[in-house]
Amino acid sequence: MNIIVCLKQVPDTETQIKIAPDGQSIVTDDIKWVMNPYDEFGVEEALRLKEKFGGEVTVVGLGPKRVTESIRTALAMGADKGILISDDALVGSDSLGTAKGLAAAIKDLEFDVIFTGQRGIDDDMGVVGASVAELLGIPQLSLIQKVEVAEDGKSVKVHRPVEGQNLVLESSLPVLITAQKGLNEPRYASLPGIMKAKKKPLEEKTLADLGMDPSQVGQGARKQKIVALSSPPERAAGKIIEGETPQEKAAELARLLHEEAKVI
Amino acid sequence: MNQMAQGVWVVAEERDGEIRKITYEVVSEGRRLADALGQEVTAVLLGSGIKEKAADLGQYGADKVLVADDPRLDPYTTDAYVSVISEVVKANEPAVLLMGASVQGKDLSGRLSARLDVGMAQDCTAFEIRDGNLVATRPIYAGKAYATVTFENSWPQMATARPNVMPVNEPDGSKSAEVIEASFTLDDGALKTKVVDVIRDASGKVDLTEAERIVSGGRGMKGPENYEILEKLADLLGGTVGASRAAVDAGWRPQTDQVGQTGKVVSPNLYVACGISGAIQHLAGMGTSKVIVAINKDPDAPIFQKADYGVVGDLFDIVPALTEAVKKYL
């Protein structure tokens, strides 16, 4: 079974986001870049399928050279090879542009299952996975918490939690699955794994290598345009509830929630 | 501005024959945008035997409801919905296409935007019309920043609305939408995924993303058994219990209860944070709540910076006392 995992590099969740002076981007100076947490679930699930069915796990990343580090992390976890799609013309791509780059690299590979994270924790769009599936003409199963590939390796049954329900969905392969938190507990790369990863193949591809027209991607091809970034709306300074006893404090809080905030 | 594209379209969401609340939120918002454009609102309702529910959408502001009635459209599947909606959108060329950022809406919008080859803005918290075009505001980095976005040579202008954010219009019983049967072709060969089972949550608890009130507990809860005091308060308030990542990682609460950057992003009317210090990832996930209450014994906990009302004290004393105190107002 051949499995592909799409990988994005994002600022670590601890990052304080600062808006750059241009008002359209963020300050990237002190950012610690990590593999998108939802993509880690994809890597782990891919490794588990490989352990059961055999085959190869290929990690496909898109972005600047630093993304190599995250691809190496996936290789150290156990993936077999990596591809980095890197080209200055890709800078500023929207979800659709990113998906076009990924799909162009994936279409010539053999695959049964493709994993992506359900969203990147940076732009929070959650569209790239579905767009890659659309471009490749395969079905998608989004926001998945459980994956069971049939013994014959021809179909898959998955669980998608929706509000108040868990849907059990079935699809034939090949399929693209977007990973939701709870799918699994990603393994840590072992020291031997890290050593081995250094020797695993990691290929770098430009748009020209993929036969892509640079005008299809990048800032200029954006169909969703960022006009401005801003800081979250400030909340007015809160009140600290005074009182001698827990009962007094609770009574005062309940009164304020009723009379002032009008939420109870 | 595309002169040809006209009208605000809203994709309705139904489950088990009932229209979901998010639909009323998005229809209401669609009405406001359509008024600004001087255009009509059309709701698109897909399902099986669903037609009788259509006219009521008029009470919330839909002028027309385009109904696609077919057994293959119930329950929802990505393939069937994307096929039908993309066909009717291409045939009618609306200017704006909105839907809810529910789980279904997120699944649908991604694939649909790719099929239509349009730009899309996910999980928006505000919309406006500027110079005849849609401008959307959406939290990014889980709410650590906000992006204002527009659409470039891309019609329809497509976006999803975060649940619980857009106010619902007061239903006007005198209004009824014109119901139109959609014409569409749905090729069985295009339907590659199917729903084989639905596991219902027997607790009947409202999902965090849709809850009006949330009582959330963190590391300060000290163990899973102590969540009972939060359940009691939440039950009384008609709310849902949430948790911080620390509590979920400790195995005290299920994954589906996690609020934060790698969990659920919530916007209730009231968020009560108990024993949650307020890590940046958690604050990001609940920052759009309308009223935030923090109960924590550490007066320096960052959660107090976000809270409208803070109580410094032991949550094991305060929460039961609060449960008693709110009874007076319910």
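Residues numbered from 1 in each chain as written. Chains lettered and ligands numbered in written order. Predicted model: local features only at pLDDT ≥ 70, side-chain atom pairs only at ≥ 80, totals over all residues.

Below, the discussion takes up the overall build of chain A. Helices and strands together make up the secondary structure of chain A, namely six helices and 14 strands. Taking the principal axes of its C-alpha atoms as reference, chain A extends roughly 70 × 45 × 40 Å. Taking all 264 residues of chain A together, 50% fall into the buried category. Contacts spanning at least 24 positions in sequence make up 72% of the contacts within chain A whose residues lie at least 6 apart. (Helix = DSSP H or I, 4+ residues; strand = E, 2+ residues; numbered from the N terminus. Buried ≥ 20, exposed ≤ 12 C-beta atoms within 10 Å, placed from the backbone. Contact = placed C-beta atoms within 7 Å.)

So, about the sheet that holds strand 9 (residues 133-140) of chain B. Backbone hydrogen bonds are what pair the strands of a sheet, in a parallel or an antiparallel way. The antiparallel open sheet is built from four strands, whose spatial order is 13(A)-10(B)-9(B)-8(B). Because the sheet does not close on itself, it has two edges, and the strands there are strand 13 (224-230) of chain A together with strand 8 (126-130) of chain B. Strand-to-strand, the axes of this sheet are offset by a mean angle of 30°, without reference to chain direction. For strand 13 of chain A and strand 10 (residues 145-151) of chain B, the ladder comprises six bridges, and the chain directions are antiparallel. In the strand pairing of strand 10 of chain B, A:Ala228 is matched with B:Thr148. (Pairing = 2+ DSSP bridges. Axes fitted to C-alpha atoms, helices over the stretch in contact; angles between N-to-C directions.)

Here helix 1 (residues 37-53) of chain A contains 17 residues, and its C-alpha end-to-end distance of 25 Å stays within 8% of the 24 Å for a straight helix at 1.5 Å per residue. A:Gly54 occupies a position one or two residues after helix 1 of chain A and carries a positive phi of about 80°. (Expected span 1.5 Å × (residues − 1).)

Right, let's talk about the pairing of strand 13 (residues 193-200) of chain B for a bit. Along strand 13 of chain B, only zero of the eight residues are buried, which leaves the element largely exposed. With seven bridges connecting them, strand 10 (residues 165-172) of chain A and strand 13 of chain B associate as antiparallel partners. Counted as the bridge partner of A:Val168 is B:Asp197 from strand 13 of chain B.

As a further point, take unusual backbone geometry. The step from A:Leu173 to A:Pro174 runs through a cis peptide bond, and the omega angle for that step is 0°. As for its placement among the helices and strands, A:Pro174 is situated in the loop between strand 10 and strand 11 (175-179).

Residues and elements named next belong to chain B. Relative to each other, helix 4 (residues 228-237) and helix 8 (residues 315-326) sit at 20°, their axes nearing to 9 Å. The orientation of helix 4 with respect to helix 8, classified from their angle, is roughly parallel. Seen from above, helix 4 lies across helix 8 with left-handed handedness. Facing Ile229, Leu230, Lys232, Leu233, Leu236 and Leu237 of helix 4, the residues of helix 8 in contact are Val319, Pro320, Leu322, Thr323 and Val326. (Parallel < 35°, antiparallel > 145°, perpendicular 65-115°, else oblique. Left-handed = near helix turned anticlockwise from the far one by under 90°.)

Residue and element names in this part refer to chain B. Considered domain by domain, chain B is made up of domain 1 (8-190) and domain 2 (213-329). Inter-centroid distance (C-alpha atoms) of domain 1 to domain 2 is 33 Å. At the junction of the two partners, domain 1 supplies seven residues and domain 2 supplies eight residues. Looking at side-chain class alone, the side of domain 1 that touches domain 2 contains two nonpolar, three polar and two charged residues. (Domains from an automatic or database assignment. Nonpolar A, V, L, I, M, F, W, Y, C, P; charged D, E, K, R; others polar.)

What follows concerns helix 3 (residues 103-116) of chain B. Residue and element names in this part refer to chain B. When the terminal C-alpha atoms of helix 3 are compared, their 20 Å separation across 14 residues agrees well with the 20 Å that a helix rising 1.5 Å per residue should span. The buried fraction of helix 3 amounts to 13 of the 14 residues, a majority that puts the element mostly inside the structure. Count one or two residues on from helix 3 and you reach Asp117, which has phi positive near 55°.

The next subject is the environment of A:Gly220. Relative to the helices and strands, A:Gly220 is located in the loop between strand 12 (202-205) and strand 13. Between the C-alpha atom of A:Gly220 and that of A:Phe41, which follows or precedes it by 179 residues, the distance is 32 Å.

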